[in-house]
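Here is how the chains run, residue by residue.
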Amino acid sequence: MSEEEVKKKKKKEGAWRLYEYDYKTGKITLKNKKCPRCGKITAHHHNPERWACGACGYTEYIGKETKKS
Ligand SMILES: [Zn+2]
């Protein structure tokens, strides 16, 4: 990945604070992310990649702008 692309990705840093993105492998290293709504640990899901809280139903999409409902 070029330096330019890395810079673009870093602009999204705000939403990525709780994840570690490995630019070399393209893998996301997950940290325990707490649900902002109820404080429980959210689960990671794919297609689309997202965090979902099983307790209250909160969903946060990864790599896109956070959708709040
Ligand atoms: Zn929750």
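Here the structure is a predicted model, which is why all the values come from computation and not from measurement. (Residues numbered from 1 in each chain as written. Predicted model: local features only at pLDDT ≥ 70, side-chain atom pairs only at ≥ 80, totals over all residues.)

**Re the sheet that holds strand 5 (residues 59–61)**
Adjacent strands of a sheet pair through backbone hydrogen bonds, lying either parallel or antiparallel.
And then number 1: Read from one edge to the other, the open sheet built from three strands follows the order 3-4-5, with strand pairing classed as antiparallel. Each edge of the sheet is formed by a strand with only one pairing partner; in this case those strands are strand 3 (43–45) and strand 5. Neighbour to neighbour, the strand axes of the sheet diverge by 25 degrees on average, direction disregarded.
And then number 2: Taken together, the three bridges between strand 3 and strand 4 (residues 50–52) define a ladder with antiparallel strand orientation. (Pairing = 2+ DSSP bridges. Helix = DSSP H or I, 4+ residues; strand = E, 2+ residues; numbered from the N terminus. Axes fitted to C-alpha atoms, helices over the stretch in contact; angles between N-to-C directions.)

**Some remarks on the confidence of the model for the chain**
And then number 1: Residues with a pLDDT of 70 or more make up 68% of the chain, whose mean pLDDT is 78.
And then number 2: Within the chain, the element-level pLDDT minimum falls on helix 2 (residues 13–16), averaging 52, and the maximum on strand 5, averaging 93. (pLDDT = per-residue confidence, 0-100.)

**Brief notes about unusual backbone geometry**
And then number 1: A cis amide bond, omega -10 degrees, links asparagine 47 with the succeeding residue proline 48.
And then number 2: Tracing the chain through its elements places proline 48 in the loop between strand 3 and strand 4.
And then number 3: Phi at asparagine 47 is positive, roughly 50 degrees, even though this residue is not glycine.
And then number 4: Relative to the elements of secondary structure, asparagine 47 occurs in the loop between strand 3 and strand 4.
And then number 5: Judged by the 5 C-beta atoms lying within 10 Å of it, asparagine 47 falls in the exposed class. (Buried ≥ 20, exposed ≤ 12 C-beta atoms within 10 Å, placed from the backbone.)

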